[in-house]
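Residues per chain, in single letters:
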Amino acid sequence: MTQPKKLFIKTYGCQMNVYDSERMAEAMGGQGYVQTDRPEDADMILLNTCHIREKAAEKVYSELGRYKGLKAERPDLKIGVAGCVAQAEGEEIMRRQPLVDLVVGPQSYHRLPDLMARTSNGAKALDTDFPEEDKFEHLKARPKAKRGPTAFLTVQEGCDKFCAFCVVPYTRGAEVSRPADRVLAEARDLVERGVREITLLGQNVNAYHGHEKGLAGLIRELAKIDGLARIRFTTSHPNDMDDDLIAAHGDCDKLMPYLHLPVQAGSDKILKRMNRQHTAEQYLRLIERLRAARPDLHMSGDFIVGFPEETEEDFQATLDLIAAVEYGSAFSFKYSERPGTPAAERPQVPEAEKDDRLQRLQALLTRQQRALQDAMVGREVGVLFEKPGRMPGQMVGKSDYLHAVHVAAEGLAPGDLRRVRIVESGPNSLKAVLV
Ligand code: SF4
């Protein structure tokens, strides 16, 4: 009996890349490939890449270099690059790294099996189109096998915002929303396979327009699915938080009280230079309205320090905004020039300044996160258990607020959704007991 071929996928970057890797693995599953977590055992290696920061792109080339020996030992080994670096750099990847057999962009990975077939006689294959056809309609139907209790589900792709620092509009293209009936069908399928929590994904997910009532309309439909206990969504833009979506945070029980809403900076001058199309005041008003709808809403944010022309005063405005919002979690980075983006042409802030500001910003965010976690002690929350913990008899799950929660209790299994009381707060997680 012929041995199934083995596929090793390495995923970089955002949750959408995690979802895309799942779909690419399923597409190659239809060609008889099974996944392996050891590149040395693979017949096909696929890097699903991220282009958001310089370091991320360079990581891809150093990773590819590590496969030189494997390829020399087994010339039939196929190596592919997918994702946003593939889209941004295309043919350049093969020029810089000749051991690469195929390059496929995030909008055309439904063609991966055909591209692989084209490399069988040693030819190279490249596809970084933005195809007319809907990729999801051409992807292989999802397998029926049982799976873990949480899943990502892409509902929207691309972005029309063109923030001055961002490559996404160039690598993922214009905003496209999947029709609501298709999303609902995939969600029902995921619930049948054991999923209890779905996170809706989009580069600008709250610009979703595949349902007449936008993302709020889709969420209300999803909430009707028996067995689906929790709904989350990411990543949003402040300007697309409409009244109905704010209201849904208040009246849709299955929509979790955690919202990732990037703002990037707190200075109106810098927000304008970033082309974020809103002011700090407008963002703070929006947070107020969200918290009026759902008082216990935990906010998460994204921040960039050292954006071109950012002064100490501008940076202070960012710290002031953070102090006003109080974030339960946040992601923060030094500004990184991205080829082809407007901000890359502007005078840069010295690296040492960026390092200093990042440290001060992260110190404030860590204090806030810790204070909000400590305030959870004594409270009762829901936890969806996902996997066994490090200690025997311990299970780990996520709270409604996306905190990692450890519970020592016999008989718990992945997929169990239980009420717990928080008894201890640690640096990055909480301890709890069942109630
Ligand atoms: S809204 Fe987000 S994805 Fe779109 S351009 Fe701005 S940072 Fe990039």
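Residues numbered from 1 in each chain as written. Predicted model: local features only at pLDDT ≥ 70, side-chain atom pairs only at ≥ 80, totals over all residues. Heavy atoms only, no water.

Moving on: the overall build of the chain. Across its full length, the chain holds 15 helices and 19 strands. The C-alpha atoms of the chain give 22 Å as radius of gyration, which agrees with the globular expectation for 435 residues (22 Å, within 12%). With the principal axes as the frame, the chain shows a C-alpha extent of 60 × 60 × 45 Å. The buried share of the chain, reckoned over its 435 residues, is 54%. Working note: accessible area of the chain is about 19000 Å², and carbon and sulfur atoms make up 51% of it. (Helix = DSSP H or I, 4+ residues; strand = E, 2+ residues; numbered from the N terminus. Rg over C-alpha atoms; globule rule 2.2 N^0.38 Å. Buried < 20%, exposed > 50% of the residue type's maximum accessible area, 1.4 Å probe, protein only. Areas by Shrake-Rupley, 256 points an atom, 1.4 Å probe, with all protein chains shown as cover.)

Taken together, Cys 159, Lys 161, Phe 162, Cys 163, Phe 165, Cys 166, Val 168, Pro 169, His 237 and Arg 276 make up the full set of residues near the ligand. Each residue belonging to the shell around the ligand can be placed in one class, and the counts come to seven nonpolar, one polar and two charged. (Near = heavy atom within 4 Å. Nonpolar A, V, L, I, M, F, W, Y, C, P; charged D, E, K, R; others polar.)

Turning our attention to the side chain of Asp 20. Topologically, Asp 20 is positioned in helix α1 (residues 15-29). A polar contact is formed between the side chain of Asp 20 and the side chain of Arg 172, at a distance of 3.1 Å. (Polar contact = N/O pair within 3.5 Å; in protein donor to acceptor, adjacent residues only side chain to side chain.)

On to the sheet that holds strand β16 (residues 394-399). The strand order around the closed barrel built from five strands is β15-β16-β17-β19-β18, with neighbouring strands paired in mixed fashion. For this sheet, the mean inter-axis angle between neighbouring strands, taken without regard to orientation, is 55°. Relative to strand β18 (residues 417-425), strand β15 (residues 380-388) runs antiparallel, the two sharing five bridges. When the bridges of β18 are listed, Gly 382 appears paired with Arg 419. (Pairing = 2+ DSSP bridges. Axes fitted to C-alpha atoms, helices over the stretch in contact; angles between N-to-C directions.)

The next point concerns the packing of aromatic side chains. One pass over the structure, following the stated rule, counts five aromatic pairs. Between Phe 165 and Phe 307, the ring centres sit 6.4 Å apart and the planes meet at 85°, which makes this aromatic pair edge-to-face. In this pair, Phe 165 sits in the loop between β8 (156-157) and α8 (168-171) while Phe 307 sits in the loop between β13 (298-305) and α14 (312-325), placing the two residues 142 residues apart along the sequence. We note that Phe 165, like Phe 307, is buried. (Phe/Tyr/Trp six-rings, centres within 6.5 Å; stacked < 30°, edge-to-face > 60°.)

Attention shifts here to the nonpolar core. Formed by 88 residues in total, the largest nonpolar core has its most connected members in Leu 200, Leu 218 and Tyr 327. Here this core gathers at least three residues from each of two domains, domain 1 (5-127) and domain 2 (144-256). Sequence-distant contacts of Leu 218, that is, excluding residues within four places in its chain, are made with Val 155, Ala 180, Val 183, Leu 184, Leu 200, Tyr 208 and His 211. Residues Phe 8, Ala 56, Tyr 61 and Val 85 belong to the second largest nonpolar core, which totals 23 residues. (Core = buried A, V, L, I, M, F, W, Y, C linked by side-chain atoms within 4.5 Å. Domains from an automatic or database assignment. Contact = heavy atoms within 4.5 Å.)

Another aspect to go through is the side chain of Ser 399. Of note, Ser 399 is situated in strand β16. In terms of polar contacts, Ser 399 uses its side chain to reach the backbone amide nitrogen of Tyr 401, at 3.0 Å. When residues no more than four places from it in sequence are discounted, the contact partners of Ser 399 are Arg 230, Arg 232, Val 381, Gly 382, Val 383 and Val 405.

The subject of this paragraph is helix α9 (residues 180-192). Between its first and last C-alpha atoms α9 spans 18 Å; for 13 residues at 1.5 Å apiece the expected length is 18 Å, and the two agree. Every buried residue of α9 is listed here: Ala 180, Val 183, Leu 184, Glu 186, Ala 187, Asp 189, Leu 190 and Val 191. Packed against the buried residues of α9 are α1, β7 (150-154), β10 (197-201) and α10 (214-222). Positive phi shows up at Gly 194, right after α9, with a value of about 110°. (Expected span 1.5 Å × (residues − 1).)

Cis rather than trans, the peptide bond between Thr 234 and Thr 235 has omega equal to 15°. One non-glycine residue, Gln 264, adopts positive backbone phi at about 75°. Examined against the element boundaries, Gln 264 turns out to sit in the loop between β12 (258-260) and α12 (268-273). If you check the backbone angles, Asn 275 has positive phi at about 60° while not being a glycine.

Attention now moves to the domain arrangement of the chain. For interface size, the figure often reported is the accessible area lost on association. You can read the domains of the chain as domain 1 (5-127), domain 2 (144-256) and domain 3 (380-434). A separation of 25 Å is found between the C-alpha centroids of domain 2 and domain 3. Contacts between the two partners involve eight residues from domain 2 and, on the opposite side, twelve residues from domain 3. Here domain 2 and domain 3 share an interface that buries about 740 Å² over both sides, 60% of which is from carbon and sulfur atoms. Our count for the contact surface shared by domain 2 and domain 3 stands at one salt bridge. Between Arg 230 and Asp 400 there is a salt bridge; the shortest N-O distance is 2.9 Å. (Buried area = accessible area lost by both parts, 1.4 Å probe. Salt bridge = Lys/Arg side-chain N within 4 Å of Asp/Glu carboxyl O.)

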